[in-house]
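# Descriptive analysis of the structure
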Amino acid sequence: MTASQRMFAAWYDRAMARYETYIAQRKQRLFADLFGTVLEIGPGTGANLPHLPRGCRWIGVEPNPHMRAPLSQRLDGLDLEAEIQPVAAEDLQAPDGSIDAVIATLTLCSVRRPQRVLSEIRRVLRPGGQFCYIEHLAAAQGSWARRGQQLVAPLWSWLGDGCRL
């Protein structure tokens, strides 16, 4: 899957620019009260980083090796204690109850075992911790949009680093 991961990383920022402009205020509100240690699942090239409050410690779990260089570059320009972990979200490298907040935006659609990821999130979050996410959904059953999603799903998944519509 390396060729598709490389291609995905190469076009991601350009393809998502309009969406990021559209969603920016919502992200700002969603992440405004985060504090302490924040773990992000699938940060990609770091689109969420500008929306995080200063003073938090950020851990990015990014399995796509081609996303890590642009992510590191974006981190260089921020005053943020940060760490990138090259692991899958199914096996988070954090002790039980050690994370104040977990964020995931447009990533749960591409993990191999969503139930396992959600269990890991629950495991690492401290009691009272926050899980903030933004995700896309499948269109309604029987709709033309759903048929279109099903038609493009195989190619979309390959181009989108495992994203399942």
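Remember, predicted model here, so these are calculated numbers, not experimental data.

How each quantity is defined
Residues numbered from 1 in each chain as written. Predicted model: local features only at pLDDT ≥ 70, side-chain atom pairs only at ≥ 80, totals over all residues. Heavy atoms only, no water. Helix = DSSP H or I, 4+ residues; strand = E, 2+ residues; numbered from the N terminus. Buried < 20%, exposed > 50% of the residue type's maximum accessible area, 1.4 Å probe, protein only. Contact = heavy atoms within 4.5 Å. Pairing = 2+ DSSP bridges. Right-handed = clockwise from strand over helix to strand, strands pointing away. Patch = residues over 30% accessible without salt bridge, like charges linked within 9 Å, V, L, I, M, F, W, Y side chains within 5 Å. Areas by Shrake-Rupley, 256 points an atom, 1.4 Å probe, with all protein chains shown as cover. Salt bridge = Lys/Arg side-chain N within 4 Å of Asp/Glu carboxyl O. Phe/Tyr/Trp six-rings, centres within 6.5 Å; stacked < 30°, edge-to-face > 60°. Lys NZ or Arg CZ within 6 Å of the ring centre and 35° of its normal.

### Digging into the side chain of Thr37
Inspection of the secondary structure puts Thr37 in strand 1 (residues 37-41). Overall, the relative accessible area of 13% leaves Thr37 in the buried class. When near neighbours in sequence (up to four residues on either side) are disregarded, Thr37 contacts Arg57, Ile59, Ser98, Ile99, Asp100 and Ala101.

### So, the pairing of strand 5 (residues 125-134)
In terms of strand pairing, strand 4 (residues 99-105) meets strand 5 through six bridges, oriented parallel. Bridge pairing links Ile103 to Cys132 in strand 5. A crossover connection joins strand 4 to the parallel strand 5 through helix 3 (residues 114-124); in handedness this β-α-β unit is right-handed.

### Here we look at a nonpolar patch on the surface
A surface patch of nonpolar side chains, amounting to about 300 Å² of accessible area, comprises Met7, Leu155 and Trp158. With respect to the helices and strands, the residue Met7 is situated in helix 1 (residues 2-31). Taking relative accessible area as the criterion, Met7 reaches 33% and is therefore assigned partly exposed.

### Comments concerning the packing of aromatic side chains
Summed over the entire model, instances satisfying the criterion amount to one aromatic pair. For Arg147, the ring lying beneath its charged end belongs to Trp144, and the centroid distance is 4.8 Å.

### Describing the pairing of strand 3 (residues 81-85)
With five bridges joining them, strand 2 (residues 57-61) and strand 3 adopt parallel strand pairing. Looking across to strand 3, one finds that Arg57 is bridged to Glu81. Considered for its hand, the β-α-β crossover made up of strand 2, helix 2 (residues 68-76) and strand 3 is right-handed.

### Structural notes on the pattern of salt bridges
Summed over all chains, the structure comprises eight salt bridges. Between Glu120 and Arg123 there is a salt bridge whose closest N-O contact spans 2.8 Å. Of the two residues, Glu120 and Arg123 are both situated in helix 3; the distance of three residues between them amounts to about one turn of the helix. Relative accessible area serves as the criterion here: at 5%, Glu120 is assigned to the buried category. The exposure class assigned to Arg123 is partly exposed, which follows from its relative accessible area of 26%. One continuous salt-bridge network, built from bridges that share partners, spans Asp91, Asp96, Arg116, Glu120 and Arg123.

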